[in-house]
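So you can see what is in the structure, the chains are spelled out below.
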Amino acid sequence: MRKNFARLAMFALVLMLVLAACAPAAVTEAPVVETDAPVATDAPAVVTEAPVAEQFVFGLLMVGPYNDNGWSQAHYEAGLYLEEKLGAKMIYLDKVNPADRPGTTPDQLAEELVAQGAQLVIFNSDDMKDASTTFAKAHPETYVIMASGDQVWTDGKTYEELPNLMNIMGRMEYGKMMAGCAAALTSETGKIGYLGPLLNDETRRLASSAYLGARYCWEQAGNDPAALEFKVTWIGFWFNIPGVTLDPVQVSNDFYTTGYDVVISGIDNPVNLGEAQKLSAEGNKVFGVAYDYVAACDAAPEVCIGVPYFNWGPEYLKAITSAQDGSWSSQFIWAAPDWSDINNIDTSSVGFVNGPALSTEDAAAVDAFVAELAGGLDLWTGPINLQDGTAYLADGEVATDQQVWYLPQLLEGMEGLSAPE
Amino acid sequence: MLKGRLGGFIFQFLAFVLALGFVSVILISAGASPMEAYKNMLTGSVGSMRKFAEVLVSFVPLLLVTAGLLITFSAGLWNIGVEGQIVLGAIISVWVFRLFVDSTLPPALIITLAILGGMIGGALWASLAGALKTFGGVNEIFGGLGLNFVSTALTLYLIFGPWKREGVASMSGTAPFPDHFSLPQVPELRISLWALGIALVGIVIVYFILQGTYFGLKLKAVGKNFRAAYLLGIPTWRYSMYSFLICGALAGVAGAVQVAGVYHRLIPSISSGYGYLGLMVAMLINYQAIWAIPVALFFAALNIGSIQLPIVMKLDSSLAGVLQGVLVLFVLLMEGIRQKFLKKA
């Protein structure tokens, strides 16, 4: 009896492991076909020794799946853009996080890309910041771009001299303001939910920017500012890790079923749209704002009212060109939208696309708001108080870059955790 | 032909071929060349010194865990809780590092304390599963699984709560320790010879216990026939507890090495699944310590080599896990078939 049980348990365990291993393979293998042809069948060592003459090879490490309809996909598309513009070659690895690739570290995986010929490596996540520093120090001959980080910001809090590393980030604060504006105009209940990832400087300032945009447009539309509710719920990471983070689908559902009729995604993918789509099909009037990737609304156009997105191509192009022609300099770049056309793929690092679910009238109001921002409207102007009521910006005082980047709390009027408890 | 060592070997070889064939079918159905995939995995694991060093980084905890599991398996125990024992080893070692983060004591001493702390942490956590089994009558599989969940919850609580990074609440992990808290590594490579030494010492001790001591003999007696061992005067419950303690200590060291040698901080998946992988290795080698090194090395090589699959062939690297699982499955299956034939013969 006991033996049988042990045998059964053994069999079940093995089967479980096999299934666990099989499942993701099946999912991710399908779309593989469309990506570029596999590298020449020669052993990798050969490739390293003799890269195709003059062709620049860059590596890209993405924290999530390359087709996540969000943060990582925006980077992947930028990589394709670089291949096209520069005739360069991209080598990439996605799902670079300890949950998906147990036992590995990003700096180790970056070395795998270098072994395949990469002369420059892009680390695409805040989660890889420490690893990018480690890697940059260990490989001074390899160029490194750390997206969203601030290590080489001379005015930053964590400045380090890393000559081969560049920080690149878009001023998404503007994009989030537009997202907040669209949300406030669309909401009938005056309750906006913000699906927050983890809590840090970046996420605090972006959630707060969304709030500033929402409040501005809410008031412009003639509503009572006191009637606007804006709540942030943090899930604990950039995307769902079962058993580790809160489930963003569940969080979205909680928002939608408690009167928050618009949810803005602040995480790496727009799962809120899926939930909105489901509830909308059941007759509820709910909407969502996507994030990160220009075509993210396509996932659920009937409930998507817009998407603020990153366009990494232009700044990456400049950085790689500088690496090629020898003018590279370690610097911190926080790129603003191209106000003459925020959706210009060749010039604007941050853009916003109105979603199909945004009404014509509201779309016009959002466009007018974008024009105001382009004209110099700065919502990071006092009086602004922090969530606990302390004054942050005096009346008329315009926030410095440091004050925005390192925002210590959420703002007064926002609900949700400001700092870890 | 079926009997004896040769027969066993032939059947195992057959199982290996079948497993490779099975995975090849999966690869072909995904439109990829199996030969190319295997070649990439091979060059990706032993193609350069650096890659082989990465294999060793993965080999160290896997070997330690396997060594520990050989002890509990010998005592007839299914220590599924080994995963949590790794985690607790990691947690305690992080705790020790945190205690001494501003201390002027020599780093070598602090690292030693952290590893010893990990050892104790793993052993104590294992003793919980052992106590549940011997005093509470809770099957060690269920007790272990439950404790695994508790250890994960504890990790998440520490990362998100008391040990969070300043101003940050993220499941990403705690702040990394200063460089001098790392196990010294071979220049240009990520492997620490100290870590490798610890793992080898671990398996040698286990081999010695099982092959050359009365203690080992009694453990095996308990494992082979609990009741008979009891009647012959072996304090069976005590031997069960000893085996849990030894296995937990080794798993705890594995966790401490993950902290001091690989991640330098606490992350949610600090165990990297080496506990479950170690169970597979132990099953595959039919609980014979002598085979632990080559098979653990092979599994580690599959883990590291498979990183090439997404980079070079745009395939998912979980293929390594499929191969590992299928291999164990076929080996067990072939063994079952052999036993059937033997009975008939």
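To be clear, the structure that these remarks concern was listed above.
Bear in mind the structure is a predicted one, so any value in this text is a computation, not a measurement. (Residues numbered from 1 in each chain as written. Chains lettered and ligands numbered in written order. Predicted model: local features only at pLDDT ≥ 70, side-chain atom pairs only at ≥ 80, totals over all residues. Heavy atoms only, no water.)

Chemist: In this structure, what is going on with the overall build of chain A? I would like to understand it.
Modeler: The secondary structure content of chain A amounts to twelve helices and 15 strands. Of all intrachain contacts in chain A linking residues separated by at least 6 positions in sequence, the fraction that spans at least 24 positions is 67%. Split by element, the accessible area of chain A, about 16,100 Å² in all, is 55% carbon and sulfur. (Helix = DSSP H or I, 4+ residues; strand = E, 2+ residues; numbered from the N terminus. Contact = heavy atoms within 4.5 Å. Areas by Shrake-Rupley, 256 points an atom, 1.4 Å probe, with all protein chains shown as cover.)

Chemist: Even after reading the chapter, I still don't get the overall build of chain B, so can you show me in this structure?
Modeler: In terms of helices and strands, chain B carries 14 helices and zero strands. Counting from the amino terminus, helix and strand elements in chain B follow one another as α-α-α-α-α-α-α-α-α-α-α-α-α-α. Whereas a compact globule of 345 residues would reach a radius of gyration of roughly 20 Å, chain B reaches 21 Å, a difference of no more than 12%. Seen through its C-alpha atoms, chain B measures out along the principal axes to roughly 70 × 60 × 30 Å. Considering chain B as a whole, with its 345 residues, one finds that 57% of them fall into the buried category. The contacts in chain B between residues at least 6 apart in sequence include a share of 76% that link residues at least 24 apart. About 14,400 Å² of surface is accessible on chain B, with carbon and sulfur atoms providing 72% of the total. A distance of 16 Å separates the average location of the 21 positive side-chain charges in chain B from that of its 10 negative side-chain charges. (Rg over C-alpha atoms; globule rule 2.2 N^0.38 Å. Buried < 20%, exposed > 50% of the residue type's maximum accessible area, 1.4 Å probe, protein only. Lys, Arg positive; Asp, Glu negative; His and termini not counted. Charge placed at Lys NZ, Arg CZ, Asp CG, Glu CD.)

Chemist: I would appreciate a short explanation of the state of the cysteines in the present structure.
Modeler: Where two cysteines share a covalent bond between their sulfur atoms, that bond is called a disulfide. All names here are of chain A. The full count for this structure, using the stated rule, is two disulfides over all chains. Shown here is the disulfide that connects cysteine 181 with cysteine 217, its sulfur atoms set 2.0 Å apart. Taking the sign of the torsion about the S-S bond as the criterion, the disulfide between cysteine 181 and cysteine 217, at about -95°, is left-handed. One end of the pair, cysteine 181, is in helix 6 (residues 172–186); the other, cysteine 217, is in helix 7 (residues 201–220), with 36 residues separating them in the sequence. Assigned by exposure class, cysteine 181 and cysteine 217 land together as buried. Two residues, cysteine 297 and cysteine 304, share a disulfide whose sulfurs are 1.9 Å apart. Classification of the bridge connecting cysteine 297 and cysteine 304 rests on its S-S torsion, roughly -50°, and on that basis the disulfide is left-handed. (Disulfide = S-S within 2.5 Å.)

Chemist: Just to check I follow, could you spell out the nonpolar core for this structure?
Modeler: Here is a general trend for soluble globular proteins: nonpolar side chains tend to be buried in one another's company. Of all hydrophobic cores here, the largest spans 253 residues; its most connected members are Leu61, Phe230 and Trp312 of chain A together with Phe299 of chain B. No fewer than three residues from each of domain 1 (42–170) and domain 2 (177–309 + 350–415) of chain A sit in this core. Every residue in contact with phenylalanine 299 of chain B, bar those within four places of it in the chain, is listed here: Leu62, Leu277, Met280, Val281, Leu284, Gln324, Leu327 and Val328 of chain B. (Core = buried A, V, L, I, M, F, W, Y, C linked by side-chain atoms within 4.5 Å. Domains from an automatic or database assignment.)

Chemist: Explanation requested: the sheet that holds strand 6 (residues 191–196) of chain A in the structure shown.
Modeler: To summarise the sheet geometry, strands pair through backbone hydrogen bonds and adopt either a parallel or an antiparallel arrangement. Residues and elements named next belong to chain A. Across the sheet, which stays open at both edges, the seven strands sit in the order 12-10-9-8-6-7-15 with mixed pairing between neighbours. For this open sheet the edge positions go to strand 12 (350–354) and strand 15 (414–415), each flanked by a neighbour on one side alone. Inspection of the sheet shows strand 10 (residues 304–310) paired to strand 12 by five bridges, in the antiparallel sense. Across the sheet, phenylalanine 310 pairs through a bridge with valine 350, a residue of strand 12. On top of the sheet, helix 8 (residues 248–256) reaches strand 6, strand 7 (229–234), strand 8 (262–265) and strand 9 (287–289); it is set at about 170° to strand 6, its chief contact. Along the sheet, helix 9 (residues 271–281) contacts strand 6, strand 8, strand 9 and strand 10; its crossing angle with strand 9, the most-contacted strand, is approximately 170°. (Pairing = 2+ DSSP bridges. Axes fitted to C-alpha atoms, helices over the stretch in contact; angles between N-to-C directions.)

Chemist: Help me understand the packing of aromatic side chains in this model?
Modeler: How two aromatic rings sit relative to each other is given by the distance of their centres and the angle of their planes. Enumeration over the complete set of coordinates arrives at 35 aromatic pairs over all chains. Arranged with centres 5.6 Å apart and planes meeting at 75°, the rings of tyrosine 239 of chain B and tyrosine 242 of chain B form a pair that is edge-to-face. Note that tyrosine 239 of chain B and tyrosine 242 of chain B are positioned in helix 10 (residues 236–263) at a spacing of three residues, about one turn of the helix. According to the relative accessible area criterion, tyrosine 239 of chain B is buried, its value standing at 8%. One aromatic cluster is present, formed by Trp71, Tyr291, Phe310, Trp312 and Tyr316 of chain A through successive ring pairs. Above the ring of tryptophan 334 of chain A, the side-chain terminus of arginine 171 of chain A is found at 4.2 Å from the ring centroid. (Phe/Tyr/Trp six-rings, centres within 6.5 Å; stacked < 30°, edge-to-face > 60°. Lys NZ or Arg CZ within 6 Å of the ring centre and 35° of its normal.)

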